[in-house]
Amino acid sequence: MPEAGRIVYLDHAATTPLDPRVRAALEPWLGERFGNPSSRHPFGVAAAEAVDRARAEFARILAVRPHDVVFTSGATEANHLGVLGQARANKRHGKRVLIGSTEHPSVREAARLLVREGFGVETLPLDAAGGLDLDAATRLLSADVVLVAHMLVSNEFGSVYPSRELARRVRARAPHARLHVDASQALGKLDCAPAELGCDSLAFSAHKLHGPQGVGAFVHVGGTIEPLFVGGGQEHGRRSGTENVAGIVGFAAAARLADAEREDTLRATHAARSAMLARLAEVGAREILPGGRGIDAILAVIVPGIPAEVVMHHLERRGVYASAGAACQSRKNEQSPSFAALGIAPDDARSVLRFSFARTTTREEAEFAAQTLVDVRRELAAVRS
Ligand code: PMP
């Protein structure tokens, strides 16, 4: 436990606390209300209706048809449907797959599975600033490309990728390609409607927006997919398995709140980011934002000369919870391939800290975290000198 007894949680890109209103919405489905949505008796019918209402709500937010929404166990599964499900369904047109250079492992590793099936996987090139090199990407596009998958917002840096412009080029040069966008870090911050982005499918995870963990959605507006799970034929045969009713109800409630309160999120995350940025120079830290365009909610910084793990440990003891790179990467205890793709020197890569904010973050919390970082940096410098 931290010495001061106070916790400032700034790791919202890893997960967010459940909104009490979301909890209230889903709780009955963990208690007195239960039923398998496939059952014909009233308990089952009520559960099916709850899932239908959630589907309609989620579809409304993204301006898609309810049928386009496939509830999943999270963005990992949704990315598997986007990558494996679409490439397999589309393979008669060719075997080339293009993915972003800084993808989440759930896209990268799913694409790797395709290699075993005879697909060729290439990465979309980056420009000197670390952004997507649209012209170089365009040169990779041709009629035998069956899938392009990339993230809208980077979980590691907060960078926003030019999805719409990429979509325009994909449509012009790769007419058979399906375009999948991992929008896990974008919902509630940017417009994620497929009509806006020009994509065929999207991946989301509820716990990134104050919803429960273990539920998400694959939104699919164009073409066919090969399911990953077969069995009971739920989700119109696209994802067999008894629906996570409480999770789905909670997810829709969280998405509705994230949509309705987007301005609050933008205001709170902007204030938090500004408060931290204002103090970074004092510790010799610098912001990294590959491509130059990002969301306020994710702030990646390099604190030169000190491994991020060490800074993290000291921050943690004082009650500030952040992240040394992305949570999913830290478990593997290896460096993110994104850092290498971006040409970040290994020493700098070891010194990357990520602070991530949400609509519940206060300016005062960000100021406390910045002051704590300043104190920790000074202390560590004193110990080392
Ligand atoms: N994509 C991105 C960009 C993410 O940040 C995450 C969560 N770290 C995922 C996919 C996977 O989400 P989940 O672990 O909830 O399946």
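**Details of the overall build of the protein chain**
- Secondary structure assignment for the protein chain yields 14 helices and 12 strands.
- Computed over C-alpha atoms, the radius of gyration of the protein chain comes to 21 Å, within 12% of the 21 Å expected from 2.2 N^0.38 for 385 residues, which places it in the range of a compact globule.
- By its C-alpha atoms, the protein chain is 70 × 55 × 35 Å across when sized along the principal axes.
- A buried classification covers 55% of the 385 residues belonging to the protein chain.
- Pairs at least 24 apart in sequence give 75% of the contacts found in the protein chain among residues at least 6 apart.
- Here the protein chain displays about 16,000 Å² of accessible surface, and carbon together with sulfur accounts for 52% of that area.
- Measuring between centres, the 46 positive side-chain charges of the protein chain sit 3 Å from its 44 negative side-chain charges.

**With respect to the pattern of salt bridges**
- Overall, the coordinates contain 31 salt bridges when judged by the stated rule.
- In this structure, R354 engages D11 in a salt bridge whose closest nitrogen and oxygen atoms are separated by 3.1 Å. Within this pair, whereas R354 is found in strand β12 (residues 352-356), its partner D11 is found in the loop between β1 (8-9) and α1 (20-26), the two being separated by 343 residues in sequence.
- Of the residues examined, R354 reaches a relative accessible area of 1% and is grouped as buried.
- On the accessibility criterion, D11 (11% relative accessible area) is buried.
- Here the residues in one salt-bridge network are D19, R21, E261 and R359, joined through shared partners.

**Some points on helix α3 (residues 75-89)**
- Its 15 residues place the ends of α3 20 Å apart at the C-alpha level, agreeing with the 21 Å of an ideal helix rising 1.5 Å per residue.
- Burial within α3 is extensive, with 12 of its 15 residues counted as buried.
- Listed as buried for α3 are A75, E77, A78, N79, L81, G82, V83, L84, G85, Q86, A87 and A89.

**Here's the deal with the site of the ligand**
- Lining the immediate environment of the ligand, one finds 14 residues, of which T76, D182, S205, H207 and K208 sit closest.
- Side-chain polar atom of Q185 to an oxygen atom of the ligand: 2.8 Å apart, as the coordinates give it.
- Relative to its unbound accessible area of 390 Å², the ligand is 85% covered by the protein chains.
- It is α3 that provides the largest number of residues to the shell around the ligand, a total of three residues.
- Its residues assigned to classes, the shell around the ligand shows two nonpolar, 10 polar and two charged.

**Observations concerning the nonpolar core**
- Counting 63 residues, the largest nonpolar core has F58, V148, L152 and F204 as its most contacted members.
- No other element matches the 11 residues that helix α8 (residues 245-260) contributes to this core.
- Of the domains in this structure, domain 1 (8-17 + 262-384) and domain 2 (20-260) are the two that each give at least three residues to this core.
- Sequence-distant contacts of L152, defined by excluding residues within four places in its chain, comprise S159, V160, Y161, S163, V181, D182, A183, A186, L190, D191, C192 and L197.
- One finds L10, V311, A370 and L380 within the second-largest nonpolar core, a separate group that totals 29 residues.

**Points about the domain arrangement of the protein chain**
- Splitting the protein chain by domain gives domain 1 (8-17 + 262-384) and domain 2 (20-260).
- Taking the mean C-alpha position of each, domain 1 and domain 2 sit 27 Å from one another.
- Contact residues are listed per partner, giving 33 residues for domain 1 and 34 residues for domain 2.
- Contact with domain 2 buries area across many residues of domain 1, yet R262, I295 and R359 alone supply 25% of it, more than any other trio.

Rules and cut-offs
- Residues numbered from 1 in each chain as written.
- Predicted model: local features only at pLDDT ≥ 70, side-chain atom pairs only at ≥ 80, totals over all residues.
- Heavy atoms only, no water.
- Helix = DSSP H or I, 4+ residues; strand = E, 2+ residues; numbered from the N terminus.
- Rg over C-alpha atoms; globule rule 2.2 N^0.38 Å.
- Buried < 20%, exposed > 50% of the residue type's maximum accessible area, 1.4 Å probe, protein only.
- Contact = heavy atoms within 4.5 Å.
- Areas by Shrake-Rupley, 256 points an atom, 1.4 Å probe, with all protein chains shown as cover.
- Lys, Arg positive; Asp, Glu negative; His and termini not counted.
- Charge placed at Lys NZ, Arg CZ, Asp CG, Glu CD.
- Salt bridge = Lys/Arg side-chain N within 4 Å of Asp/Glu carboxyl O.
- Expected span 1.5 Å × (residues − 1).
- Near = heavy atom within 4 Å.
- Polar contact = N/O pair within 3.5 Å; in protein donor to acceptor, adjacent residues only side chain to side chain.
- Nonpolar A, V, L, I, M, F, W, Y, C, P; charged D, E, K, R; others polar.
- Core = buried A, V, L, I, M, F, W, Y, C linked by side-chain atoms within 4.5 Å.
- Domains from an automatic or database assignment.
- Buried area = accessible area lost by both parts, 1.4 Å probe.

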